[in-house]
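Listed below, chain by chain, are the residues.
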Amino acid sequence: MQIDRGVSLKPYNTFGLPAVAQTLVRIASDADVRRVVDDPVLGLAPKFILGGGSNIILTRDMPQIVLKVEVRGMRVLEERADAWIVEAGAGENWHDFVEFTLAQGCPGLENLALIPGTVGAGPVQNIGAYGVELQDRFESLDAVDLLTGRSVVLGAEICAFGYRDSVFKHALAGRSLITRVRFRLPRPWQPVLGYLELQKKIAETGIASPGPRQIFDWVASIRRAKLPDPAAIGNAGSFFKNPLVSSQRATNLRRDHPTLAAWPASDETTKLSAAWLIEASGFKGLRQGDAGVSTQHALVLVNHGQATGAQIWALAQQVRAGVNEKFGVLLDPEPVVI
Ligand SMILES: Cc1cc2nc3c(=O)[nH]c(=O)nc-3n(C[C@H](O)[C@H](O)[C@H](O)COP(=O)(O)OP(=O)(O)OC[C@H]3O[C@@H](n4cnc5c(N)ncnc54)[C@H](O)[C@@H]3O)c2cc1C
């Protein structure tokens, strides 16, 4: 267990926001977590769990103990007749893990290629993209309770996955440190190709039955073309969730705004495109100092260089208020604001 003092978190968050952690502890194993819990000083102090910093907005310095999760290891645990069971340490890079599973001949995660961040943060917001969510491939996870130091194995039921949501954002927020995650990749492999942009790739290339590697490459190229790269311009991906409204409400909105992008979420609810709402409210490309709304994608807020978390958050509030005023729809932020 390595303990560092006065650590700049700028390189540890993809927005590139300035903030200093008074104490940063690098966690490489379950035993490291228990050492923190048992420590007379660290054990009692408030804590924040940090993965790859790709879904957080740091608005201030961090007096809490920052636990930076660096648990490593990736392996194929089991090859059953009906599924491959694969496992990764929470500190592994998510995209590297997707590549690893494909290289091992265990497809199923290809639609989730190129999502930034660590494996351990995946269950926290039930990461999803291009028709697949983590919960569709989830087996179980290991976590350590930050109050008692007890190790637990949690299944899908306890994780209570929802749209960009789980128990780790509610009852277990800041309480459970995830150390390893296992995935169940169904055999025989079935491609997930329902997403419009993947259908376009099929039409463009004439490849009607793409394999997992082909889907992985398509998803990566779609994402690179669509989303600003955090290495080039600081951001945390989608800043707002797509809002869920009653289908009646969506019908009324579409009567007044026929181009409003929306799709059914259940029999009674409809998901609206937050990007469409933001663009139609005139915010795409808006810049205030170094805080801005991306010119490339209206759902992405960006740091043009020296923005602070407070400035990004103020801009987010302005966007939220503007969309609410024009459409009567309140947007919920996706990243965790600290
Ligand atoms: C360009 C870009 C594109 C993105 N695209 C997508 C996308 O398509 N789909 C999607 O779902 N998300 C997307 N995201 C969001 C982000 O990649 C995911 O939320 C990712 O899972 C965050 O991982 P992280 O390791 O960076 O977590 P962090 O930002 O470090 O942490 C996020 C939250 O998880 C908690 N946490 C982190 N690790 C652990 C752990 N081991 N145990 C317990 N709690 C933990 C933190 O305390 C915090 O509350 C995108 C982000 C960017 C920058």
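This is a predicted model, so every value here is computed, not measured.

(A) Looking closely at the site of the ligand. Looking at the ligand, there are 34 residues lining it, with Ile 49, Gly 52, Ser 54, Asn 55 and Thr 118 nearest. Thr 118 has a polar side-chain atom sitting 2.6 Å from an oxygen atom of the ligand. Computed on the free molecule, the ligand has an accessible area of 980 Å², of which 93% lies beneath the protein chains in the complex. Of all the secondary structure elements, the ones that give two or more residues to the shell around the ligand are β3 (47-50), β8 (128-129), β12 (176-186) and β13 (234-238). Looking at side-chain class alone, the shell around the ligand contains 17 nonpolar, 14 polar and 3 charged residues.

(B) Region of interest: the side chain of Thr 179. Turning to its location among the elements, Thr 179 is positioned in strand β12. According to the relative accessible area criterion, Thr 179 is buried, its value standing at 0%. Engagement of the side chain of Thr 179 in a polar contact is seen with the side chain of Asp 30, the distance being 3.3 Å. The contact partners of Thr 179, leaving out residues within four places of it in the chain, are Asp 30, Val 33, Val 71, Gly 89, Ala 90, Asp 142, Ala 143 and Val 144.

(C) Region of interest: the packing of helix α4 (residues 196-205) against helix α5 (residues 212-226). Relative to each other, α4 and α5 sit at 110°, their axes nearing to 10 Å. With respect to α5, the element α4 is oriented roughly perpendicular. Here α4 and α5 pass one another in a crossing that is right-handed. On the side of α4, the interface is formed by Glu 197, Leu 198, Lys 201, Ile 202 and Thr 205, while α5 contributes Trp 218, Val 219, Ser 221, Ile 222 and Lys 226. Considering only residue class, the contact of α4 with α5 consists of 5 nonpolar, 2 polar and 3 charged.

(D) Examining the side chain of Thr 101 more closely. Here Thr 101 lies in helix α2 (residues 94-103). In this view, Thr 101 contacts Val 86, Cys 106, Leu 109 and Leu 185; residues no more than four positions away in its chain are not counted.

(E) Representation of the pattern of salt bridges in the model. Applying the stated criterion to the full structure yields 19 salt bridges. A salt bridge links Lys 68 to Glu 70; the shortest N-O distance between them is 3.2 Å. With a closest N to O distance of 2.9 Å, Arg 175 and Asp 145 form a salt bridge. Of this pair, Arg 175 sits in the loop between α3 (156-159) and β12 while Asp 145 is found in strand β10 (residues 138-145), placing the two residues 30 residues apart along the sequence.

(F) Quick peek at the pairing of strand β7 (residues 83-89). Of all 7 residues in β7, 7 are buried; the element is thus mostly enclosed. Neither face of β7 is exposed, since Ala 83, Ile 85, Glu 87 and Gly 89 on one face and Trp 84, Val 86 and Ala 88 on the opposite face are all buried. Bridge count for strand β6 (residues 74-79) against β7 is 5 bridges, and the pairing is antiparallel. The residue of β7 that forms the bridge with Arg 75 is Glu 87. Taking the residues that link successive antiparallel strands as the turn, the β6-β7 hairpin has 3 residues. Where β7 meets β12, 7 bridges bridge the pair, whose relative direction is antiparallel. Residue Val 86 lies in a different strand from β12, and its bridge partner there is Phe 183.

Calculation rules
Residues numbered from 1 in each chain as written. Predicted model: local features only at pLDDT ≥ 70, side-chain atom pairs only at ≥ 80, totals over all residues. Heavy atoms only, no water. Near = heavy atom within 4 Å. Polar contact = N/O pair within 3.5 Å; in protein donor to acceptor, adjacent residues only side chain to side chain. Areas by Shrake-Rupley, 256 points an atom, 1.4 Å probe, with all protein chains shown as cover. Helix = DSSP H or I, 4+ residues; strand = E, 2+ residues; numbered from the N terminus. Nonpolar A, V, L, I, M, F, W, Y, C, P; charged D, E, K, R; others polar. Buried < 20%, exposed > 50% of the residue type's maximum accessible area, 1.4 Å probe, protein only. Contact = heavy atoms within 4.5 Å. Axes fitted to C-alpha atoms, helices over the stretch in contact; angles between N-to-C directions. Parallel < 35°, antiparallel > 145°, perpendicular 65-115°, else oblique. Left-handed = near helix turned anticlockwise from the far one by under 90°. Salt bridge = Lys/Arg side-chain N within 4 Å of Asp/Glu carboxyl O. Pairing = 2+ DSSP bridges.

Nothing here speaks to function; it is geometry throughout.
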